[in-house]
Amino acid sequence: MGKVLVIGCGGVAGVAIQKCAQNSSVFNEICIASRTQSKCDALRQKLEGKTGAVITTAKVDADKVDELVALIGKVKPDIVLNLALPYQDLTIMEACLQTKVDYVDTANYECEDTNDPEWRAIYERRCKEKGFTAYFDYSWQWAYRERFEKAGITALLGTGFDPGVTSVFTAYALKHCFDEIHTIDILDCNGGDHGYPFATNFNPEINLREVSANGSYWENGHWVETEPMAIHRTYNFDGVGEKDMYLLHHEEIESLAQNIPGVKRIRFFMTFGQSYLTHMRCLENVGMLGTEPVEFEGHKIVPIQFLRRLLPDPASLGPRTVGKTNIGCIFTGVKGGKERHIYIYNVCDHQECYREVGSQAISYTTGVPAMIGTAMVMTGLWKRPGVFTVEEFDPDPYMEALNKWGLPWKIDENPVLVP
Ligand code: NDP
């Protein structure tokens, strides 16, 4: 039993907090802290009388280490669950280090101002050394390894669905199904329809940056980079049907390439409808995905942030989204000298999620694993000093928890492979 401090109160946090409240034998106290405290208060009210956990709220600017340190000092949590934006990862890790409290998140660090010359110099060096140009990578957070080890605290990085569950599926496949994994294809399919011509399922800024960037995959020990959306396949997904999917860079490829011995290729595909892609290309062509401030009638406006204002709030998509998601991994490799292929995946229904927690499946499939990962560290099952990604721990208790908390998984022993 213990106290969790959740930072952020958007789409994903809304689900994770409700799941922590359902799991009150582990989380008997929950403090919700975010930039807009009224959102935290509204969620607390929604949960009143429905949970054994004591819920409090607070206001915090998670860009400021001193505010975070003061909040952690006041709340005295056993663990901090960061569900703000990837921009805040380092300030929150820094505050956890100063106060010696365990840290959990769902997405790796990304710099908000990609024109900051200091950040840019490090970024450009990394692009050359590593061979991929995504704005995010693990180096910033892995740099905390020694300090977390010395402080005797755990940082668990990337416990959403992807990254998160997909890496736990990989650890499970390696433990139970293969002597050696040769290829991993991570397939993220959203067959949901929200009825808007264009909307993003999670934070638009993070989502659009990810999708409009170059693709890349890991092959034979190095990165292969492609133009955005250059590699296209179709796949027939259980529960959804046939969908177009495109190869993207994705953060778990970086950690899996290091942690899965002998892996030869790792790719990540996400499905997109033609309407989404046409809108995105158009927005990009007119400069609406820009991250550099532009002067407009005496105000400085960052185009992508302004766009975020105009687009539907992802948290509002719940009631209108119908259909299912199917996210999982296809593995090839060898077991007992024989070639083996398996597919581990979860199918999640948007409307079922809405009925349970009032949100669509994208927030649900991220919020549930965020709660599970936090519980793994808080109960001591996954507690080890240092900074880790989820595939570095025993997958079995996490896999059991997925079945228990709403994300049951299936194994297909003879899947169609992706060419
Ligand atoms: P939202 O934009 O819905 O929510 C973000 C929340 O963080 C908001 O409550 C926002 O406050 C708060 N916030 C932002 N900046 C600050 C700040 N400086 N100080 C305090 N609070 C702040 O995002 P999502 O819920 O969609 O995403 C949350 C996280 O989950 C992101 O890191 C995202 O990348 C990650 N994610 C991971 C996935 C995975 O599978 N691993 C999939 C989807 C998302 P306010 O209300 O004031 O705006």
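Heads up: the structure comes first, above all this text.
Keep in mind that what you see is a predicted model, and the values were worked out from it rather than measured. (Residues numbered from 1 in each chain as written. Predicted model: local features only at pLDDT ≥ 70, side-chain atom pairs only at ≥ 80, totals over all residues. Heavy atoms only, no water.)

Chemist: Just checking my understanding: could you explain the site of the ligand for this structure?
Modeler: Around the ligand lies a shell of 29 residues, among which Val12, Arg35, Thr36, Lys39 and Ala62 are the nearest. Here Ser34 contributes a side-chain N or O atom positioned 3.4 Å from an oxygen atom of the ligand. Among the residues making up the shell around the ligand, the classes are represented as 13 nonpolar, 10 polar and 6 charged. (Near = heavy atom within 4 Å. Polar contact = N/O pair within 3.5 Å; in protein donor to acceptor, adjacent residues only side chain to side chain. Nonpolar A, V, L, I, M, F, W, Y, C, P; charged D, E, K, R; others polar.)

Chemist: How should I be thinking about the pattern of salt bridges in this particular structure?
Modeler: Close approach of charged atoms allows side chains with opposite charge to pair. Tallying each qualifying case throughout the model produces 20 salt bridges. Its salt-bridge partner being Glu356, residue Lys19 comes within 2.6 Å of it at the nearest N-O pair. Pair noted here: Lys19 is in helix H1 (residues 11-22) and Glu356 is in helix H13 (residues 350-357), with a separation of 337 residues, a long-range link. Look at Lys19 and you get buried, because its relative accessible area is 2%. One salt bridge in this structure joins Glu413 and Arg340, with 2.8 Å as the shortest N-O distance. Taken as a pair, Glu413 in the segment after strand S18 (409-412) and Arg340 in strand S16 (residues 338-349) lie far apart in primary sequence, 73 residues in all. Glu413 gets classed as partly exposed once you look at its relative accessible area, which sits at 48%. (Salt bridge = Lys/Arg side-chain N within 4 Å of Asp/Glu carboxyl O. Helix = DSSP H or I, 4+ residues; strand = E, 2+ residues; numbered from the N terminus. Buried < 20%, exposed > 50% of the residue type's maximum accessible area, 1.4 Å probe, protein only.)

Chemist: What is the right way to read a positive patch on the surface from this model?
Modeler: A cluster of basic residues, Arg35, Lys39, Lys59, Arg308 and Arg309, forms a positive patch at the surface. Residue placement: Lys59 occurs in strand S3 (residues 54-59). (Patch = residues over 30% accessible without salt bridge, like charges linked within 9 Å, V, L, I, M, F, W, Y side chains within 5 Å. Areas by Shrake-Rupley, 256 points an atom, 1.4 Å probe, with all protein chains shown as cover. Lys, Arg positive; Asp, Glu negative; His and termini not counted. Charge placed at Lys NZ, Arg CZ, Asp CG, Glu CD.)

Chemist: Explain the sheet that holds S3 here, please?
Modeler: Strand pairing in a sheet takes place through backbone hydrogen bonds and is either antiparallel or parallel in direction. Read across the sheet, 7 strands follow the order S3-S2-S1-S4-S5-S6-S17 without closing on themselves; strand pairing throughout is parallel. The sheet is open, and its two edges are formed by S3 and strand S17 (386-389), each paired on a single side. Averaged over all pairs of adjacent strands, the angle between their axes in this sheet comes to 20°, without regard to strand direction. Across 2 bridges, strand S5 (residues 102-105) lies against strand S6 (residues 154-157) in parallel orientation. When the bridges of S6 are listed, Tyr103 appears paired with Ala155. The sheet contacts of helix H14 (residues 361-378) involve strand S1 (2-7), strand S2 (27-34), strand S4 (79-82), S5 and S6, and relative to S4 the element is tilted by about 160°. (Pairing = 2+ DSSP bridges. Axes fitted to C-alpha atoms, helices over the stretch in contact; angles between N-to-C directions. Contact = heavy atoms within 4.5 Å.)

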